[in-house]
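Residue-level structure breakdown
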Amino acid sequence: QVQLVESGGGLVQAGGSLRLSCAASGRTFSSYAMGWFRQAPGKEREFVTAITWSGGSTNYADSVKGRFTISRDNAKMTVYLQMNSLKPEDTAVYYCAASRIDYRPKPSSRVYNYDYWGQGTQVTVSS
């Protein structure tokens, strides 16, 4: 089992940057694909980005391509989300998730393919 704790959220102006972190506990972190999802008020949870267990393959939602970057440090059992050029529409609660299956050629963008979830961290982008 994996427990996930997100941090790094906050309030930022449009055009600014934030770096989210997701710290995991559990001995098998390095065997999980990891993803970031977000949920705005009144909307469904949506895919943001994901990375395979090795870090060798990533997947991004079109809305964040070129602005967001996912990375992971298996030694530190942490996955990161670097968010640049933030827009008001990026405002949401951001969730970290772990998948026991390392989908190829790209990690999954489907909510139901992720087995463990963090509690979320709020990101608010002001205009």
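These notes cover the structure that comes with them.

**Focus: the nonpolar core**
Of all hydrophobic cores here, the largest spans 34 residues; its most connected members are Leu-4, Met-34, Trp-36, Met-83 and Tyr-94. Of all the secondary structure elements, the ones that give two or more residues to this core are β3 (18-25), β4 (33-39), β5 (46-51), β7 (68-73), β8 (78-83), β9 (92-99) and β11 (121-126). With five residues, β9 is the largest single contributor of residues to this core.

**A look at the environment of Tyr-60**
The topology assignment puts Tyr-60 in strand β6 (residues 58-60). If near-sequence neighbours (up to four positions away) are discounted, Tyr-60 is found in contact with Phe-47, Val-48, Thr-49, Lys-65, Phe-68, Thr-69 and Ile-70. Engagement of the side chain of Tyr-60 in a polar contact is seen with the backbone nitrogen of Ile-70, the distance being 2.9 Å.

**Remarks on the packing of aromatic side chains**
One pass over the structure, following the stated rule, counts five aromatic pairs. Members of the aromatic cluster, each reached through a chain of ring pairs, are Phe-37, Phe-47, Tyr-114 and Trp-117.

**A word on unusual backbone geometry**
Between Arg-104 and Pro-105 the backbone carries a cis peptide bond, its omega angle lying at 10 degrees. Here Pro-105 is to be found in the loop between β9 and β10 (116-117). With a phi close to 55 degrees, Met-77 is a non-glycine residue in the positive phi region. Inspection of the secondary structure puts Met-77 in the loop between β7 and β8. On the accessibility criterion, Met-77 (24% relative accessible area) is partly exposed. At Ser-85, a residue that is not glycine, the phi angle is positive and equals roughly 50 degrees. Tracing the sequence through the fold places Ser-85 in the loop between β8 and β9.

Conventions used here
Residues numbered from 1 in each chain as written. Predicted model: local features only at pLDDT ≥ 70, side-chain atom pairs only at ≥ 80, totals over all residues. Heavy atoms only, no water. Core = buried A, V, L, I, M, F, W, Y, C linked by side-chain atoms within 4.5 Å. Buried < 20%, exposed > 50% of the residue type's maximum accessible area, 1.4 Å probe, protein only. Helix = DSSP H or I, 4+ residues; strand = E, 2+ residues; numbered from the N terminus. Contact = heavy atoms within 4.5 Å. Polar contact = N/O pair within 3.5 Å; in protein donor to acceptor, adjacent residues only side chain to side chain. Phe/Tyr/Trp six-rings, centres within 6.5 Å; stacked < 30°, edge-to-face > 60°.

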